[in-house]
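What the coordinates show
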Amino acid sequence: MTDASQTADNGQEQPVDLRKLLRAINDSFSEDDLRDLCFELRLDFENLPGAVKKDKARELIIHFDRRKRINVLVAAFRELRPHVNIEAIIVEEIDEDPSSARIEIHQADILPQQDKSNTMIASKSFGAIVRMLTREDVRTAVVTFQTDFQAASQQIDQMNDYKQIHDLFQILETQYDLIYRDQKRLPDDDMAWDDIAIAEPELQAKISDMVTLSKSETFAGSNMRWANQLETVKGHLQTAVDGDDLQALEEGVQLLYRVLNRHPTRINAQLVAVASALRLDNLEKAITTISTSLVEADVAMDSMVEEVKSGKSALAGLDERLKALVREHNAWQSIDDEIRRVKAAVSQNNLEELEDAWYDLQPMTQELIDAHSEEEWAANLSKVIADLEPALEQQLNSKVRRLFMRYHTYVGHRFREVDLELLSLCTELQRVGEQIDLLLRQFNK
């Protein structure tokens, strides 16, 4: 089970051992108590997978851990079981036992390192507001922005769901490659079935995770045909492995290819759309208003007041970073769409499509290069553009084709970098979303 964190009374985050949390919930809650906990958290107990109490408790923890909201669960647990020593679920160095049973929650570990200071400062700012909710002036200010807090929490939660699906699609692509390579060995190499039988359970598990996530509120009302198609893939692969059925295997692999070829891009576009709609500037206004009320009241809570005030610049930095990434992502998306449109013609030595498209592609790319002129990828693209333009003018088909493919490669690399940076920021924003959830929970008690 992965480790999360909870916020102590002094505002410092402490890591939560989810294995210990599972034991604490299982030991201190009856099944009816667990139903009450789910009701308190606005979850349907019956919809949690599992036939027995411990399985339900495990799925409850997985649900909140996936949503990066484990501290909301811990807060509800503490309220319902105040006699339980919360220190008992804190991670200690001696707990790092590789033989310990863990609940595995798989995520793609490919995100770039990113400055996390703004998200930490912003989350501490909301944490300080939670601790000051006993003040009437703070509660009054929170009332004014309650709708904004709720909207931000929901959107950050949605971003997490899209990112989870995005990560699982990437893992699924890797599993597909393994099974596809083994399929190509059939029917000549009967040993391929052994390798497929080894890879198939992991692929089945990933599909199950994706289907489960597709049932979240984020995807309610959306066209979830891909989830149904993945269920069909599971059936084909199960039949194939059970009976060495090559036809079922080919049908399952072909359907999986179609899903992977179409839907990850759409999921990514939906994530970007939600990120574009996230109004961090509204949260900044809320922090400013609350800070002003505290200053005017001259409260004797200097450290907490400073934590609240520091959230303003942190949120401004996050907002600027998010908007910049969304703008650049959309710009590269437009370039990539245009490249894909003319790629087939270029591969057949037909340069007319590229010549026409280059009037748009060159200035669009140059604008992005100019904004990042000190970076290596920008220098690489500048060099390719400088070589490609005269080659186009001179109708040097072979050279144009090679340079265009290099141009496409560099564009693709930068597009993926921006995509990963946006995904990384989405992950970091979950810290802020969790603190907003804790604030709303405490405020509405």
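Residues numbered from 1 in each chain as written. Predicted model: local features only at pLDDT ≥ 70, side-chain atom pairs only at ≥ 80, totals over all residues. Heavy atoms only, no water.

1. Observations regarding the overall build of the protein chain
Counting its secondary structure elements, the protein chain contains 15 helices and 2 strands. A total of 445 residues make up the protein chain; the buried ones form 49% of that total. Here the contacts in the protein chain between residues at least 6 apart in sequence split such that 76% fall between residues at least 24 apart. Of the roughly 21900 Å² of accessible surface on the protein chain, a fraction of 47% belongs to carbon and sulfur atoms. (Helix = DSSP H or I, 4+ residues; strand = E, 2+ residues; numbered from the N terminus. Buried < 20%, exposed > 50% of the residue type's maximum accessible area, 1.4 Å probe, protein only. Contact = heavy atoms within 4.5 Å. Areas by Shrake-Rupley, 256 points an atom, 1.4 Å probe, with all protein chains shown as cover.)

2. Remarks on helix H4 (residues 70–80)
Most of H4 is tucked away: 8 of the 11 residues are buried. When we look at burial in H4, the residues that qualify are Ile-70, Asn-71, Val-72, Leu-73, Val-74, Ala-75, Ala-76 and Phe-77.

3. Things to note about the environment of Glu-352
With respect to the helices, strands and loops of the structure, Glu-352 is situated in helix H13 (residues 352–371). Relative accessible area serves as the criterion here: at 60%, Glu-352 is assigned to the exposed category. Separated by 43 residues in sequence, Glu-352 and Gln-395 place their C-alpha atoms 10.0 Å apart.

4. Notes on the packing of H4 against helix H15 (residues 397–443)
As a packed pair, H4 and H15 sit with axes 8 Å apart at the nearest point and diverge in direction by 30 degrees. Our classification of the angle between H4 and H15 gives roughly parallel. Residue-level inspection shows Ile-70, Asn-71, Val-72, Ala-75, Ala-76 and Glu-79 of H4 in contact with H15, the latter providing Glu-434, Asp-437, Leu-438, Arg-441 and Gln-442. Residue classes in the contact of H4 with H15 are distributed as 5 nonpolar, 2 polar and 4 charged. (Axes fitted to C-alpha atoms, helices over the stretch in contact; angles between N-to-C directions. Parallel < 35°, antiparallel > 145°, perpendicular 65-115°, else oblique. Nonpolar A, V, L, I, M, F, W, Y, C, P; charged D, E, K, R; others polar.)

5. Concerning helix H6 (residues 136–144)
By the burial criterion, the buried members of H6 are Val-138, Ala-141 and Val-142. For H6, the arc enclosing every buried residue in end-on projection is 100 degrees, short of the 170-degree limit, so these residues lie on one face. Exposed side of H6, more than 90 degrees from the buried face: Glu-136 and Thr-144 are the residues found there. (Arc of directions from axis to C-beta.)

6. Points about a positive patch on the surface
Taken together, the side chains of Arg-225, Arg-258, Arg-262 and Arg-266 define a basic patch exposed on the protein surface. The leading source of residues in the positive patch is helix H10 (residues 246–277), at 3 residues. Considering the arrangement of structural elements, one finds Arg-262 in helix H10. Classification of Arg-262 as partly exposed rests on a relative accessible area of 45%. (Patch = residues over 30% accessible without salt bridge, like charges linked within 9 Å, V, L, I, M, F, W, Y side chains within 5 Å. Salt bridge = Lys/Arg side-chain N within 4 Å of Asp/Glu carboxyl O. Lys, Arg positive; Asp, Glu negative; His and termini not counted. Charge placed at Lys NZ, Arg CZ, Asp CG, Glu CD.)

7. Some thoughts on the packing of H13 against H15
For the pair H13 and H15, the least separation of the axes is 14 Å and the interaxial angle reads 35 degrees. Where H13 crosses over H15, the two elements pack in a sense that is left-handed. Between H13 and H15, the contacting residues are Leu-354, Trp-358, Leu-361 and Thr-365 on the first element and Val-400, Phe-404 and Tyr-407 on the second. (Left-handed = near helix turned anticlockwise from the far one by under 90°.)

8. Side note on the pattern of salt bridges
Under the definition given, this model contains 30 salt bridges. Between Asp-55 and Arg-58 there is a salt bridge; the shortest N-O distance is 2.8 Å. Remark: Arg-58 and Asp-55 occur in helix H3 (residues 53–66); sequence separation between them is 3 residues, near one turn of the helix. Owing to a relative accessible area of 27%, Asp-55 belongs among the partly exposed residues under this scheme. With a shortest N-O distance of 3.6 Å, Glu-306 and Lys-309 are connected by a salt bridge. Residue Glu-306 and its partner Lys-309 are located together in helix H12 (residues 302–347), separated by 3 residues, close to a single helical turn. On the accessibility criterion, Glu-306 (46% relative accessible area) is partly exposed.

9. Here we look at the side chain of Glu-338
Checked against the element boundaries, Glu-338 lands in helix H12. Look at Glu-338 and you get buried, because its relative accessible area is 19%. Excluding residues that lie within four positions of it along the chain, Glu-338 makes contacts with Ala-357 and Leu-361.

10. Observations regarding the nonpolar core
Membership of the largest hydrophobic core comes to 105 residues, with the highest contact counts inside it found for Phe-126, Phe-149, Trp-226 and Tyr-407. The element that contributes the greatest number of residues to this core is H15, accounting for 18 residues. Beyond its immediate stretch of four places on either side in the chain, Phe-126 contacts Phe-149, Leu-283, Ile-287, Leu-315, Val-432, Gln-435, Ile-436 and Leu-439. With 25 residues, the next largest nonpolar core counts Leu-22, Leu-37, Val-72 and Leu-438 among its residues. (Core = buried A, V, L, I, M, F, W, Y, C linked by side-chain atoms within 4.5 Å.)

11. Here we look at the environment of Gln-270
Looking at where Gln-270 falls in the secondary structure, it is placed in helix H10. For Gln-270, a relative accessible area of 30% translates into the label partly exposed. Along the primary structure Gln-270 and Tyr-162 are separated by 108 residues, whereas in three dimensions their C-alpha atoms are 7.5 Å apart.

12. A word on the environment of Arg-19
Relative to the elements of secondary structure, Arg-19 occurs in helix H1 (residues 18–28). Each C-alpha atom of the pair Arg-19 and Arg-58 lies 9.0 Å from the other, and the pair is 39 residues apart in sequence.

13. Observations concerning the confidence of the model for the protein chain
Atomic detail in the predicted coordinates should be set aside for any region of low pLDDT. Considering every residue of the protein chain, the mean pLDDT works out to 87; 89% of them sit at 70 or more. Predicted confidence for residues 8–12 stays below pLDDT 50, and this span has 6 contacts to residues more than four positions away or in other chains. Below a pLDDT of 50 lies the segment residues 93–111, which in the model reaches 38 contacts outside its immediate sequence neighbourhood of four places, other chains included. (pLDDT = per-residue confidence, 0-100.)

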